[in-house]
Amino acid sequence: MAATIPATAQQPARPPADEAAVRDIVQRYTRAREANDPAAIELLFTADADQYTSSGEWRRGLPAVVKGMLATSASNPGVRAITIAAVRFVTPDVAIVDGEYRTGTDTQRLWTTLIVKREAKGWRIAAIRNMAPAGQPAK
């Protein structure tokens, strides 16, 4: 007898505390960026974190991520906000977060995807990908 496997698999239920912790790390990220606080930014990321920006810069490793974020914040000050559209757990310890990202004082709206993972010290951001929606040039 052959077993049938559903064509689509449902995402396993996650404890509400996990999703809340993932959402919290995203909020802490925007606050640390707004404060332009390198120590606070560093605490939010994995040691091997990377970020691909909407301008095409690829920051690899925690020092490059922090340095790049501080430089970007200095040249584009103001409030940063991420409106989370979805959180999807790909394993119990890894989640993908998608959302609209508004930066600085300009009116540009970006899309951002963050990969977050649970480490011994809690949830940390492992990667960020920022992009301009189709039809909108990146600045």
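With that settled, the discussion passes to the overall build of the protein chain. Within the protein chain one finds three helices and six strands. In the protein chain, once contacts between residues fewer than 6 apart in sequence are set aside, the share between residues at least 24 apart is 49%.

Moving on: the nonpolar core. Membership of the largest hydrophobic core comes to 25 residues, with the highest contact counts inside it found for Val22, Tyr29, Phe45, Val116 and Ile125. Elements supplying a minimum of two residues to this core: α1 (16-35), β1 (45-52), α3 (62-75), β3 (81-91), β4 (94-102), β5 (109-119) and β6 (122-131). Tyrosine 29 has contacts with Leu44, Phe45, Gln51, Met69, Ile82, Tyr101, Ile125 and Ile128, leaving out every residue within four places of it along the chain.

This next bit is on the sheet that holds β6. What the six strands build is an open sheet, ordered β2-β1-β6-β5-β4-β3; its pairing is mixed. Taken across any chain shown, the strands that pair with only one partner, and hence form the sheet edges, are β2 (58-60) and β3. Ignoring which end each strand starts from, the neighbouring axes of this sheet average 20 degrees apart. Examined bridge by bridge, β5 and β6 share nine bridges and lie antiparallel to one another. Bridge pairing in β6 places tryptophan 111 opposite methionine 131. Its contacts with the sheet place α1 against β1, β3, β4, β5 and β6, and it is angled at close to 140 degrees to β3.

What follows covers the pairing of β1. Bridge analysis of β1 against β6 gives four bridges, and the strand direction is parallel. Residue pairing in the sheet places phenylalanine 45 in a bridge with isoleucine 125 of β6. With three bridges joining them, β1 and β2 adopt antiparallel strand pairing. Each bridged residue has a counterpart across the sheet, and for glutamine 51 the counterpart in β2 is arginine 59. A loop of five residues connects β1 with β2, the two strands running antiparallel in sequence, and glycine 56 in this loop sits at a positive phi of about 95 degrees.

Moving on, we get to the confidence of the model for the protein chain. For the protein chain, per-residue confidence averages 86 on the pLDDT scale, and 83% of positions sit at 70 or higher. No element of the protein chain has a lower mean pLDDT than α3, which averages 93, and none a higher one than β1, which averages 97. In this model residues 1-9 is a low-confidence stretch, pLDDT under 50, and it forms zero contacts with partners more than four residues away in sequence or in other chains.

Right, let's talk about the pattern of salt bridges for a bit. Counted according to the given criterion, the structure contains six salt bridges. Two residues, arginine 118 and aspartate 18, come together in a salt bridge whose shortest N-O distance is 3.1 Å. A residue pair is termed long-range when its members are at least 10 positions apart, and arginine 118 in strand β5 and aspartate 18 in helix α1 qualify at 100 residues. Among the ionic pairs, arginine 118 bridges to aspartate 93, the shortest N-O distance being 2.6 Å. Note that arginine 118 is positioned in strand β5 and aspartate 93 in the loop between β3 and β4, a separation of 25 residues in sequence. You can call arginine 118 partly exposed: its relative accessible area is 32%. Note on aspartate 93: relative accessible area 35%, which makes it partly exposed. Each of Asp18, Asp93 and Arg118 takes part in one network of salt bridges that share partners.

Calculation notes
Residues numbered from 1 in each chain as written. Predicted model: local features only at pLDDT ≥ 70, side-chain atom pairs only at ≥ 80, totals over all residues. Heavy atoms only, no water. Helix = DSSP H or I, 4+ residues; strand = E, 2+ residues; numbered from the N terminus. Contact = heavy atoms within 4.5 Å. Core = buried A, V, L, I, M, F, W, Y, C linked by side-chain atoms within 4.5 Å. Buried < 20%, exposed > 50% of the residue type's maximum accessible area, 1.4 Å probe, protein only. Pairing = 2+ DSSP bridges. Axes fitted to C-alpha atoms, helices over the stretch in contact; angles between N-to-C directions. pLDDT = per-residue confidence, 0-100. Salt bridge = Lys/Arg side-chain N within 4 Å of Asp/Glu carboxyl O.

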